[in-house]
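Commentary on secondary and tertiary structure
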2 protein chains.
Amino acid sequence: MKRSLGPKTVLYPTPVLVVGTYGADERPNASTAAWGGICCSRPPCVTVSFRAATLAHANITLRKAFTVNVPADRHVREADYFGVVSGRDADKFEVARLTPVRSTSVDAPYVDEFPLVLECRVVQVHELGLHTQFIGEIVDVKVEEGCIDETGTIDAGRIAPLFYAPVDGHYYGGATRIAKAHSIGHEMRPQ
Amino acid sequence: MKRSLGPKTVLYPTPVLVVGTYGADERPNASTAAWGGICCSRPPCVTVSFRAATLAHANITLRKAFTVNVPADRHVREADYFGVVSGRDADKFEVARLTPVRSTSVDAPYVDEFPLVLECRVVQVHELGLHTQFIGEIVDVKVEEGCIDETGTIDAGRIAPLFYAPVDGHYYGGATRIAKAHSIGHEMRPQ
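Residues numbered from 1 in each chain as written. Chains lettered and ligands numbered in written order. Predicted model: local features only at pLDDT ≥ 70, side-chain atom pairs only at ≥ 80, totals over all residues.

**Observations concerning the overall build of chain A**
Rules: For helices the rule is a DSSP run of H or I covering at least 4 residues; for strands it is a run of E covering at least 2, with both sets numbered from the N terminus onward. Within these notes, the globule rule equals 2.2 Å times the number of residues to the 0.38 power, and the radius of gyration is based on C-alpha atoms. With C-beta atoms placed from the backbone, a residue is buried if 20 or more other C-beta atoms are within 10 Å of its own, exposed if 12 or fewer are, and partly exposed between those counts. Throughout, a pair of residues is in contact if the C-beta atoms placed from their backbones lie within 7 Å.
Each helix and strand in chain A was counted, giving four helices and 14 strands. A compact globule built from 191 residues would reach a C-alpha radius of gyration of about 16 Å, and chain A, at 18 Å, matches this within 12%. Taking the principal axes of the C-alpha coordinates as reference, chain A spans close to 65 × 45 × 30 Å. Considering chain A as a whole, with its 191 residues, one finds that 53% of them fall into the buried category. When contacts within chain A are restricted to residue pairs at least 6 apart in sequence, those whose partners lie at least 24 apart make up 61%.

Structural data, given as structure tokens:
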């Protein structure tokens, strides 16, 4: 039996995306995006949504570039901090004791200690209401060597990503592999 | 040390979103979206991306509505099936032995057996390249009673969502709560 809850932003899992930007003063900033995710395969694109009042919004609008940094679950405190404090009030990299590194392919910094980074240049911007959606073309992906398995592929389990659960109000982690994608579904086809 | 992988669609976690639509012939269809996620808080909006060649794309374009259905991890086989077979070649609800139910608020069916449903009407459409991004305003959320805790809130752990891991090529599940959101980050603020 289903209960109707009315209109709400609820979906599981919701990724925790720390977005790296530079301001007009060259200061690096890291902000946890309200929302985001991959949105196109070719060209590879990712979206991040921010309110117009945020420093991340101002920086992305100015520099037309950002990085998406995926924190490991051991960085849950830092990832939450990047979302609850404004870069206008603090040097968040310094407080979090994390290291901004200039991207090689776009005009934005990434978080050195996080295992996965997407370097993006802005290709579309959409006003949706409270949030602006920035669509970034993924120009390069950088991943920690330790998260690559013996076959040369990323092992998502080694990334150990967090997810955020809206309404529920918690972060989750520790997921494990349960099935091979684009494969197990074929078992349902009539023989 | 980070390794550069070039441009790729990689992000963790990526949600597994089964999208319900009706065709011109009223036939219900369920297709796993290539990509998607929440993108705006007010109005509450979610995006799903499909290739122009898909039945889901045709149906959403025609009916201006869709549902987003979140499968529990026990439905990994059905969720994968909905992504590897076209609704033009099979009655996917019938093969998967799942039940299409007409939404109360939009012109689209939902999957009765899945724990969480977002009923959406299309408000924006963006051509990104290989994929079209449909932005749906969430008109209603429906959740299984058993996923609501004693305080009346959704417990994401009871939903037991899957996530898809691009490049890695597997589904993951079994995540557990690790911290309270918009809370643990305050511990980093200088006292």
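The discussion continues.
**Description of the sheet that holds strand 13 (residues 170-173) of chain A**
Cut-off, in case you're wondering: Two strands are counted as paired when DSSP detects at least two bridges linking them.
Spatial strand order, 2(A)-12(A)-13(A)-14(B): four strands in an open sheet with antiparallel pairing. Edge strands, defined here as strands with exactly one partner in the open sheet, are strand 2 (14-15) of chain A together with strand 14 (176-180) of chain B.

**Topic: the interface of chain B and chain A**
Applied cut-off: Each residue is assigned to one of three groups, with Ala, Val, Leu, Ile, Met, Phe, Trp, Tyr, Cys and Pro labelled nonpolar, Asp, Glu, Lys and Arg labelled charged, and all others, Gly among them, labelled polar.
Contacts between the two partners involve 93 residues from chain B and, on the opposite side, 93 residues from chain A. A total of 10 residues in the side of chain B that touches chain A trace back to one element, the largest contributor, which is strand 11 (residues 131-144) of chain B. The residue makeup of the side of chain B that touches chain A, split by class, is 51 nonpolar, 24 polar and 18 charged. The pairing of strand 11 (residues 131-144) of chain A with strand 1 (residues 2-6) of chain B spans four bridges and is classified as antiparallel. Bridging across to strand 1 of chain B, Val143(A) finds its partner in Arg3(B).

**Describing helix 1 (residues 55-63) of chain B**
All names here are of chain B. Our working definition: To obtain the arc, one takes the directions from the helix axis to the C-beta atoms.
Buried residues of helix 1: Ala56, His57, Asn59 and Ile60, and no others. Along helix 1, the residues classed as buried sweep out an arc of 165° about the axis, all on the same side. Of the residues one or two after helix 1, Lys64 is the one with positive phi, at around 55°.

**Quick notes on the confidence of the model for chain A**
To be explicit about the condition: Confidence scores per residue from the predictor, reported as pLDDT, run from 0 to 100.
Here chain A averages 97 in pLDDT, and 100% of its residues register 70 or above. For this predicted complex, the interface confidence reaches an ipTM of 0.97, while the overall pTM sits at 0.97.

**Notes on unusual backbone geometry**
Residue Pro43(A) is bonded to the preceding Arg42(A) through a cis peptide linkage, with omega at -5°. Position of Pro43(A) among the secondary structure elements: in the loop between strand 5 (35-40) and strand 6 (45-51). With an omega of -5°, the peptide bond between Tyr12(B) and Pro13(B) qualifies as cis. The residue Pro13(B) is located in the loop between strand 1 and strand 2 (14-15) in this model. You will see that Ala160(A), though not glycine, has its phi angle at about 55°, which is positive. With respect to the element layout, Ala160(A) can be found in the loop between helix 4 (156-159) and strand 12 (163-165).

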